[in-house]
Amino acid sequence: MDGAGAAYITGETGSADFPTTPSAFDPSFNGGWDAFVAKLNAGGTTLHYATFLGGGGGDKGHAIAVDGAGGAYVTGWTTSTDFPTTPAPSIPATTAAPPLW
C-alpha cells in the first residue's frame, strides 16, 4: 500500500480477458501465464491501472513494493525468452531454474 492507502497487486493470470486499463504497459495477453500488476484505490472501488507483464512463456508476479513516489517494483519468475526487461537487467538469467525478475 502507498501513503494514500492504495493497494498494489501482482500475481499471474491465464485469462485473455483480464481487465487492463487503457494506458496499460502491456494490454494484450501474451499466452501461457502472464504476470499482472494492478493498483486499486484505498476503498477498492476504483482500478487506477492494470497491465499484463510477460512474454510468450510462463510469467508470475510474486511480490510488489512501492516507493514514496508511487513507483511499483515487482518480483517474480519467467520462462519467457522475450520477457520485457530494461537494457541491462540487474540479475542475469540462469538455466538452472526459471529466471527471477
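Residues numbered from 1 in each chain as written. Predicted model: local features only at pLDDT ≥ 70, side-chain atom pairs only at ≥ 80, totals over all residues. Heavy atoms only, no water.

This paragraph deals with the side chain of Lys39. Here Lys39 lies in strand β2 (residues 34-40). Excluding its chain neighbours within four sequence positions, the residues that come into contact with Lys39 are Asp2, Ala6, Ala7, Tyr8, Thr46, Leu47, His48 and Tyr49. (Helix = DSSP H or I, 4+ residues; strand = E, 2+ residues; numbered from the N terminus. Contact = heavy atoms within 4.5 Å.)

What follows covers the confidence of the model for the protein. Of the residues in the protein, 85% have a pLDDT of 70 or more, and the chain-wide mean is 87. Put simply, strand β5 (residues 72-78) is where the protein has its lowest mean pLDDT, 91, and strand β1 (residues 7-13) is where it has its highest, 96. (pLDDT = per-residue confidence, 0-100.)

Let's shift gears to the pattern of salt bridges. As enumerated under the stated definition, the model contains two salt bridges in all. In this structure, Lys39 engages Asp2 in a salt bridge whose closest nitrogen and oxygen atoms are separated by 4.0 Å. Pair noted here: Lys39 is in strand β2 and Asp2 is in the segment before β1, with a separation of 37 residues, a long-range link. Summarising the burial analysis for this pair, Lys39 and Asp2 share the class buried. When the shortest N-O distance is used, the salt bridge between Lys60 and Glu12 registers 3.3 Å. Remark: Glu12 occurs in strand β1 and Lys60 occurs in strand β4 (residues 59-66); sequence separation between them is 48 residues. (Salt bridge = Lys/Arg side-chain N within 4 Å of Asp/Glu carboxyl O. Buried < 20%, exposed > 50% of the residue type's maximum accessible area, 1.4 Å probe, protein only.)

What follows is about the pairing of strand β3 (residues 47-53). Across six bridges, the pairing between β2 and β3 is antiparallel. Counted as the bridge partner of Val37 is Thr51 from β3. What sits between the antiparallel neighbours β2 and β3 is a turn of six residues, in which Gly44 has the positive phi angle 75°. (Pairing = 2+ DSSP bridges.)

Before going further, it helps to examine the sheet that holds β1. Taken in spatial order, the three strands of this open sheet run β1-β2-β3, and their pairing is antiparallel. Each end of this open sheet is capped by a strand with a single partner; those strands are β1 and β3. The mean inter-strand angle of the sheet, taken between neighbouring strand axes irrespective of direction, is 15°. (Axes fitted to C-alpha atoms, helices over the stretch in contact; angles between N-to-C directions.)

Glancing now at the packing of aromatic side chains. Per the counting criterion, the structure on display carries three aromatic pairs. Where Phe18 meets Phe52, the ring centres are 5.6 Å apart and the plane angle is 50°; that geometry is what we call tilted. One end of the pair, Phe18, is in the loop between β1 and β2; the other, Phe52, is in strand β3, and 34 residues separate them in sequence. Exposure class is identical for Phe18 and Phe52. Each is buried. When the ring of Phe29 is compared with that of Phe52, the centres are 5.8 Å apart and the planes differ by 55°; the resulting orientation is tilted. Remark: Phe52 occurs in strand β3 and Phe29 occurs in the loop between β1 and β2; sequence separation between them is 23 residues. Following the ring pairs from residue to residue traces out a cluster consisting of Phe18, Phe29, Phe36 and Phe52. (Phe/Tyr/Trp six-rings, centres within 6.5 Å; stacked < 30°, edge-to-face > 60°.)

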